[in-house]
Amino acid sequence: MIFWFTSYHAMALSEDGQLGAARAKIERSVAANPNNAHGAHGFAHVCYESGEPDTARAYLSSWLASYPRDGFFYGHLSWHLSLCEIQAGNWAEALRLYRDAIALDRHSGGPQQKISDGAAFLWRSELADHPRDAAAGRGLYDYANRALPRPGNGLADLHVILAQAVIRDDAALGSRARQMEELAREGCYPSGSYLPALGRGFAAFERGDFSVAIEALAPLAGGNERIGGSRAQHDLIEFTL
Amino acid sequence: MPIFVIPGNHDAIDGAYVVNGGDILHRWTNERFLSTPHRVRNCSGRVRYAIPFFCDPDQDTIIKCLPSCRSADNPAKYPPVRFGDYALWFARKSYEHMANEPAPAGRGRRPRPPRAGEFDVLAYKIRFSAQLPRGEGFFMLTDRYDLALSTASVAARDDYVHASDLALTFYPGAGEAYDRAVAADPGFALAHAGKAQVLMRQGDVGAARAALAAAKDVSAGLSEREASHIGFFDLVFAGRTEAAIAALYAHLAAMAARRAGRLQRREPERPDRRLRPHRTEAPDRGTDGQPRIALRR
């Protein structure tokens, strides 16, 4: 069991910026049980945070080769690998990973992972000046409305908001923001007003209102501890800026 | 009968029994029969049953080198020892909870010393019963981490352990394995709760809630730990994140307190750990608790 706890402890340390301790811990975890998707995931995160995409890339490619295609984390770890490929300038390989394992109909995870990984990939690809895949964006938007009709997990909600902003569904953004604020008032939504503000920033960015977008997003950058997740996810806010 | 005394890995032989000699035979025969280091590994990739059968002498039996196993050139290597004393010494040095165990009362008779060439088994028992009580019984099935489970079905327990391994590491097949556990014992609350957890992360909210409701339906008489485990997921599923986190701290504190209490009282988690039918993956030690050397000559 130690392998499992250390894989999560390492993630927490890495999210907290304690990269040396995180590295030691994740290496212990992976050595104790290499066949643990959380261990591979933690290793990918620690490498990402430490600025070692090539190490993560080599590790994830070989790890995924022996992980079942229908394993719950196949899609999410393929997304991590796609980040490494983008960083390495291998856009074609990143796109191949997207089509193979990250796209909505190919992803092995649950709704939260499908939406988060798909929306994050599409958004980052646009930030990198690749043309928008409008059909994929619409598909994610429809799926998000269906599978996650109400807010719950902050990290997934961030990506639902992104999908809604891309479609420019201001009504949906507004109603989700109100739901979050209501949950926050009931003490059931720890991130409070963070995501409603983020939604306003993304919506402004989409309509090209960059000064409003910067005004909304800048105070939020670096405040990711309020919704969980890691820099691999939250960097898209800073990259947008 | 072929007897392997060669260290190394031996594949199972079809139609054959493997008998591992222990320390008592080792002492009795003056190392003619060695106490072999043995470990049974499951390489099949599947869950399988191991039913260990231990064959021990009576507590009062004096384990003394058999006359046929010693000679002027080969004197007895070990002094005589009463079996009960030897077993207790081993248990005390191997298991923390046995450290202060009093010596078992003898039966007040001295055993007849064995005659030359005699090699009789004075007592044996099958330390295994398929009839398992639920709750705080004498015998509890446990999970991979030695935590007692409220099921009387060995098959359900094995599927549960397998399912939990898969669920923890995000390998496929956990849901199906929990289903098999529930089919083997519909009253196995933690298997329902495990299934609920798998369904929830797959986004099947309705089915997840139904599985957790099934867990709660059969939760009468559960241990405090199991009830608290289910209660935690109940809060998570209800979206009560902060209450769930508080419940988790309480759950862990209670586990630590129970463990500390047991250690203080020097009690085992269960009355007799050896009664548990187990998956033989842990290294098996001889009764002296030491890694053993098989081949001395």
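Structure shown above.
Residues numbered from 1 in each chain as written. Chains lettered and ligands numbered in written order. Predicted model: local features only at pLDDT ≥ 70, side-chain atom pairs only at ≥ 80, totals over all residues.

Caption draft 1: Seen up close, the overall build of chain A. Secondary structure summary: chain A contains 13 helices and zero strands in total. Reading the helices (α) and strands (β) of chain A from amino to carboxyl end gives α-α-α-α-α-α-α-α-α-α-α-α-α. Burial status across chain A gives 48% buried among its 241 residues. (Helix = DSSP H or I, 4+ residues; strand = E, 2+ residues; numbered from the N terminus. Buried ≥ 20, exposed ≤ 12 C-beta atoms within 10 Å, placed from the backbone.)

Caption draft 2: Region of the structure containing the nonpolar core. All names here are of chain A. Of all hydrophobic cores here, the largest spans 65 residues; its most connected members are Leu-60, Leu-77, Ile-161, Leu-162 and Ala-163. No other element matches the eight residues that helix α9 (residues 154-167) contributes to this core. Residue contributions to this core reach at least three from each of two domains, namely domain 1 (1-109) and domain 2 (110-241). Once you skip the residues sitting within four places of it in the chain, Leu-77 turns out to touch Ala-37, Ala-40, His-41, Ala-44, Leu-60 and Leu-64. (Core = buried A, V, L, I, M, F, W, Y, C linked by C-beta atoms within 7 Å. Domains from an automatic or database assignment. Contact = placed C-beta atoms within 7 Å.)

Caption draft 3: Structural context of helix α10 (residues 170-185) of chain A. All names here are of chain A. The end-to-end C-alpha distance of α10, which contains 16 residues, comes to 22 Å, matching closely the 22 Å that a straight helix rising 1.5 Å per residue would cover. Listed as buried for α10 are Leu-173, Arg-176 and Met-180. All buried residues of α10 fall inside an arc of 70° around its axis, so they share one side. Structural note: α10 exposes Ala-171, Ser-175, Arg-178, Glu-182 and Arg-185 on the side pointing more than 90 degrees away from its buried face. Next to the buried residues of α10 lie α9 and α11 (194-206). Looking one or two residues past α10, Gly-187 carries a phi angle of roughly 75°, positive in sign. (Expected span 1.5 Å × (residues − 1). Arc of directions from axis to C-beta.)

Caption draft 4: Just unusual backbone geometry, in detail. Of note, the phi angle at Arg-168 of chain A is positive, near 60°, even though the residue is not glycine. Within the secondary structure layout, Arg-168 of chain A lies in the loop between α9 and α10. A positive phi angle is found at Phe-170 of chain B, which is not glycine, with a value near 60°. Its 25 C-beta neighbours within 10 Å are what place Phe-170 of chain B among the buried residues.

Caption draft 5: Summary view of the interface of chain B and chain A. If you look at the interface, chain B gives 13 residues, while chain A gives 18 residues. Those elements giving two or more residues to the side of chain B that touches chain A turn out to be α3 (154-169) and α8 (241-265) of chain B. Its residues assigned to classes, the side of chain B that touches chain A shows five nonpolar, five polar and three charged. (Nonpolar A, V, L, I, M, F, W, Y, C, P; charged D, E, K, R; others polar.)

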